[in-house]
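# Reading the structure
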Amino acid sequence: MIGTQTMVNQAAEKADRNRLKSILERERARKLLTSHGVTVEQAKERIDALTDREVSRLAAHVDEQPAGGVIVEAIVIAALVVVILELVGTTDIFAGF
């Protein structure tokens, strides 16, 4: 039997993934991804490949930002793109850590 907390956690994780994927539908995000040779579908696949903890952390950053914060939105999108590029293997930013 699945506990209530498990169901709540699974629902929250799914909502977080969907929220991150919805960011990719924005024109600014599409242009940024395309400029790095990544399609929206590839980015969505990478979001699906993130661990629950990674998804939760990225979604928390989105939630912390003020509504309508254009600069903050750009930073969140850029961070998401960097994570996706790292996971795809296009970049190797975290090799030295």
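In case you missed it, the structure is sitting above this.
Residues numbered from 1 in each chain as written. Predicted model: local features only at pLDDT ≥ 70, side-chain atom pairs only at ≥ 80, totals over all residues. Heavy atoms only, no water.

### Overview of the environment of Glu 13
- As for its position among the elements, Glu 13 is in helix α1 (residues 4–23).
- With 43 residues separating them along the chain, Glu 13 and Ser 56 place their C-alpha atoms 6.9 Å apart.
- Once residues within four sequence positions are removed from consideration, Glu 13 is found in contact with Asp 52 and Val 55. (Helix = DSSP H or I, 4+ residues; strand = E, 2+ residues; numbered from the N terminus. Contact = heavy atoms within 4.5 Å.)

### Side note on the side chain of Arg 17
- Within the fold, Arg 17 resides in helix α1.
- By relative accessible area, Arg 17 is classed as buried at 11%.
- Apart from residues lying up to four places away in sequence, Arg 17 is in contact with Ile 47, Asp 48, Ala 49, Leu 50, Thr 51, Asp 52 and Val 55. (Buried < 20%, exposed > 50% of the residue type's maximum accessible area, 1.4 Å probe, protein only.)

### Some thoughts on the pattern of salt bridges
- Applying the stated rule across the entire model yields six salt bridges.
- Across the pair Arg 19 and Asp 16 runs a salt bridge whose closest N-O atoms are separated by 2.5 Å. Of the two residues, Arg 19 and Asp 16 are both situated in helix α1; the distance of three residues between them amounts to about one turn of the helix.
- What makes Arg 19 partly exposed here is its relative accessible area of 28%.
- Judged by relative accessible area, Asp 16 falls into the buried class, the value being 14%.
- Between Asp 52 and Arg 17 there is a salt bridge, with the nearest N and O atoms lying 3.2 Å from each other. (Salt bridge = Lys/Arg side-chain N within 4 Å of Asp/Glu carboxyl O.)

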